[in-house]
Amino acid sequence: MDNNEEFGYFSKTVADRLGVSPDTLRSWAIKLEDKEIEFERNEKKQRIYYEKDIRAFENMKELLDLQQPMNKVVPLIADKIKKGEFKKPETENHTEITPSVIRENTALATPDQRLEQQYNQLMEAFKIMTSEYAATREKLDSIEVNSRETNSKMDEVLDRLKKEQEEKLLFKEKLDIAVEFIQKQEQLASAKQKKSLFQRLFGN
């Protein structure tokens, strides 16, 4: 891993500078490593952080302080690291600033610089909110489509049940007519049989 900055820092120093606990810093580092971000380590496997790493964590903390969700902040910061957006900035005449001077959130920043920092923070938050809105809109559209499909299927089922019910009623009516016809035929046959028996016994 290439690091052109002279000084590296251990977790405790960086955590103090960020105003977070070493455990929190370690958790952030692991989440970024899960996004294929590599931090330099010494022979004891301890992470070594450089100014560009610290600037990335500072940006990460700013977004989290703005109540942005971790699952949105991590990929955003990882993408910016991959694009090299946290590398050592240069002055307007392209003279490199030493690590000891680099402080994006220092109290020595001018009002214009602080205003620009706040603007950038708001823009980062706006990007995340826009992304969340798009994802939510997509989910709602999907739910709406599924709802329409479900309603359509329910209508088909209801129509089928209604048709089956009508067919059952029609069948019952035909069955009732058939039963009534059979009963009448049986009554007529019984009456004829009785009349025939009476004639044989008593004659005309």
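Starting afresh in each chain, residues are numbered from 1 along the sequence in its written order. Since the coordinates come from a predicted model, pLDDT governs what is reported: local features require at least 70, and pairs of side-chain atoms require 80 or more to be given and counted, while whole-chain, interface and lining totals use all residues. To obtain the side-chain values, all non-hydrogen atoms of the structure were included, while hydrogens and water were left out.

Description of the packing of aromatic side chains
Threshold: Note on ring pairs: Phe, Tyr and Trp rings are taken, using the six-membered ring of Trp, and paired if centres are within 6.5 Å. Classes follow the plane angle, with under 30 degrees stacked, over 60 edge-to-face and the rest tilted. The secondary structure listing takes helices from DSSP runs of H or I that are at least 4 residues long and strands from runs of E that are at least 2 residues long, numbered from the N terminus. Working definition: with a 1.4 Å probe on protein chains only, accessible area under 20% of the residue-type maximum means buried, over 50% means exposed, and in between means partly exposed.
Counting across every chain of the model gives 4 aromatic pairs. Centre to centre, the rings of Trp-28 and Phe-57 are 6.4 Å apart; their planes meet at 25 degrees, and the pair counts as stacked. Taken together, the positions of Trp-28 in helix H2 (residues 22-33) and Phe-57 in helix H3 (residues 51-65) put the pair 29 residues apart, joining distant regions of the chain. With a relative accessible area of 0%, Phe-57 lands in the buried category. Between the aromatic rings of Tyr-49 and Phe-57, the centroid separation amounts to 5.5 Å while the plane-to-plane angle is 85 degrees, which identifies the pairing as edge-to-face. Across this residue pair, the class does not change: Tyr-49 and Phe-57 are buried.

Side note on H2
Keep this limit in mind: Given the number of residues in a helix, its expected span is that number minus one, multiplied by 1.5 Å. Picture the helix axis, draw a direction to every C-beta atom, and the arc is the one those directions span. Throughout, a residue-residue contact means that at least one pair of heavy atoms, one from each residue, lies within 4.5 Å.
Taking 1.5 Å as the rise per residue, H2 with 12 residues should run 16 Å; its terminal C-alpha atoms sit 16 Å apart, in good agreement. Where H2 is concerned, the buried positions are Leu-25, Trp-28, Ala-29 and Leu-32. Buried residues along H2 cover an arc of 100 degrees about the axis, so they all sit on one side. Buried residues belonging to H2 abut helix H1 (11-18), strand E2 (47-48), H3 and helix H4 (70-82).

Focus on the packing of H3 against H4
Rule in force here: To obtain an axis, a line is fitted to C-alpha atoms, over the contacting stretch when the element is a helix, and the angle between two such axes runs from 0 to 180 degrees between their N-to-C directions. Roughly parallel here means an angle under 35 degrees, roughly antiparallel means over 145, roughly perpendicular means 65 to 115, and every remaining angle is called oblique. A crossing counts as left-handed when the near helix is turned anticlockwise from the far one by less than a right angle, and as right-handed when that turn is clockwise. Residue classes follow a fixed rule: Ala, Val, Leu, Ile, Met, Phe, Trp, Tyr, Cys and Pro count as nonpolar, while Asp, Glu, Lys and Arg count as charged, and any other residue, Gly among them, counts as polar.
For the pair H3 and H4, the least separation of the axes is 10 Å and the interaxial angle reads 155 degrees. Here H3 lies roughly antiparallel to H4, going by the angle between them. By crossing handedness, the relation of H3 to H4 is classed as right-handed. Judged by residue contacts, Ala-56, Asn-59, Met-60, Leu-63 and Leu-64 of H3 engage Met-70, Val-73, Val-74, Leu-76, Ile-77, Lys-80 and Ile-81 from H4. Here the residues of the contact of H3 with H4 are counted per class, giving 10 nonpolar, 1 polar and 1 charged.

So yeah, pure geometry; function would need other evidence.
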